[in-house]
Amino acid sequence: MKVAFYSAQPYDKSSFDEMNTEKAYHFLFFDIDLNDQTVRLAESCDAVCIFVNDHATASVLEKLAALNIKIVVLRCAGFNQVDLVAAERLGIRVYRVPAYSPEAVAEHAVAMILTLNRKTHKAYNRVREGNFSLNRLMGFNLYGKNVGVIGLGKIGLAFAKIMYGFGCELLGYDPVPSSLPAYVTKVDFEQLLSESDIISLHCPLLPSTKHMINGESLALMKQGAMLINTSRGALVQTTDIISALKTGKVGQLGIDVYEQEEKLFFKDLSEHIIDDDDILRLMGFPNVLITSHQGFFTTEALAEIASITLQNLQDAKNGIKTENALS
Ligand code: NAI
């Protein structure tokens, strides 16, 4: 089976080649993303494999269908970048990896909290330069703090479990009812915003969740609260969060995802002029920590992603509609 693999990074090639032991798949690895211009690279392939910033829009899917490609496999959980209505109409089967390692993302969210709070990134650099002063490195105890978890799915609950271990009080918001551990108190969105010292976003990007953190919701938050987003950039209205950082409403911000990340993340732009004033503004704040969508990036998660994706390719080829199928 011939698969066009978009947005391929060296670590993707390694993990997929390692899993492809019987050489049942012939991967064509492209480091560029899938879009209207690059779709033709998939000519003669049976399937395409895409990641978070590859856009399977209606027009891209129509071009794939014209190439007689009827299988799209996502090597990620989120699927906001795929037009599923168009896929259904064109008879294209779309599969994703709904869960590979919720702990990988949850642990990254916790890493961001600890770094922002105890400023270990600053301490590391200071000590290397012979600066052993503690001034401006003061943090706060996590013990006893209210932590709000928005989205109580696999990652949200893995995150809540870790924070419970720190002795935090867990508040959770999710519109869908589900059974929760006793240490998570379910509250409404407004209560979560107004009572949390730290808020972590773990819900998918949907029309209903786009910009859920905006001027209005930020106004309800505690003065100086910490906000962590390891979910999807567009959950947060970027200019509103910049304003909230300027006034001190948001005391610390950790983002592993960014609304306009497509043009930036996963690329080495260190020798380029960055043409995005919002990210430059965010990078300029001393209390903002940005990582470039690395929440998923552990050995365990990559192996799991490769294994499930190969199984998805097989199931799609055989027309087996599993729970990983989106269309
Ligand atoms: P999940 O499907 O297990 O959980 C998502 C939860 O969000 C569900 O319980 C759902 O009911 C809830 N939800 C839906 N609408 C909501 C709303 N308006 N407010 C609050 N909650 C709402 O998904 P999982 O595996 O926990 O992943 C969550 C998100 O994490 C993904 O959608 C993806 O965007 C992101 N992600 C980020 C990664 C990274 O590397 N930074 C890697 C993997 C996922």
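This text goes with the structure placed above it.
Residues numbered from 1 in each chain as written. Predicted model: local features only at pLDDT ≥ 70, side-chain atom pairs only at ≥ 80, totals over all residues. Heavy atoms only, no water.

### Here we look at the side chain of H108
Piece 1. Along the chain, H108 turns up in helix α4 (residues 102-118).
Piece 2. Excluding residues within four positions of it along the chain, H108 makes contact with T230, D256, T291, Q294 and G295. (Helix = DSSP H or I, 4+ residues; strand = E, 2+ residues; numbered from the N terminus. Contact = heavy atoms within 4.5 Å.)

### Thoughts on the pairing of strand β9 (residues 198-201)
Piece 1. Judged by which residues are buried, β9 turns out to be covered on both faces: I198 and S200 on one side and I199 and L201 on the other are all buried.
Piece 2. Examined bridge by bridge, strand β6 (residues 146-150) and β9 share four bridges and lie parallel to one another. Its bridge partner being in β9, V147 is matched across the sheet by I198.
Piece 3. As defined by bridge partners, β9 adjoins strand β10 (residues 225-229) across four bridges and the pair is classed as parallel. Looking at the pairing, I198 lines up with M226 of β10.
Piece 4. You can see the chain leave β9, run along helix α8 (residues 215-220) and come back into β10, and the turn it takes is right-handed. (Buried < 20%, exposed > 50% of the residue type's maximum accessible area, 1.4 Å probe, protein only. Pairing = 2+ DSSP bridges. Right-handed = clockwise from strand over helix to strand, strands pointing away.)

### Focus: the state of the cysteines
Piece 1. Throughout the structure, instances matching the rule amount to zero disulfides.
Piece 2. Cysteine C49 remains unbridged, with the sulfur of C76 as its closest cysteine sulfur at 8.8 Å.
Piece 3. Taking the relative accessible area as the measure of exposure, C49 reaches 0% and is therefore buried.
Piece 4. With no disulfide of its own, C168 lies 20 Å from the sulfur of C203, the closest cysteine sulfur. (Disulfide = S-S within 2.5 Å.)

### Overview of the site of the ligand
Piece 1. Near the ligand lie 25 residues; those nearest to it are K154, I155, D174, T230 and F296.
Piece 2. Within the side chain of D174, a nitrogen or oxygen atom sits 2.6 Å from an oxygen atom of the ligand.
Piece 3. At 3.0 Å, a backbone N or O of F296 approaches an oxygen atom of the ligand.
Piece 4. Calculation on the ligand without its partners gives an accessible area of 870 Å², and the protein chains cover 86% of this total.
Piece 5. Partitioning the shell around the ligand into residue classes produces 13 nonpolar, eight polar and four charged. (Near = heavy atom within 4 Å. Polar contact = N/O pair within 3.5 Å; in protein donor to acceptor, adjacent residues only side chain to side chain. Areas by Shrake-Rupley, 256 points an atom, 1.4 Å probe, with all protein chains shown as cover. Nonpolar A, V, L, I, M, F, W, Y, C, P; charged D, E, K, R; others polar.)

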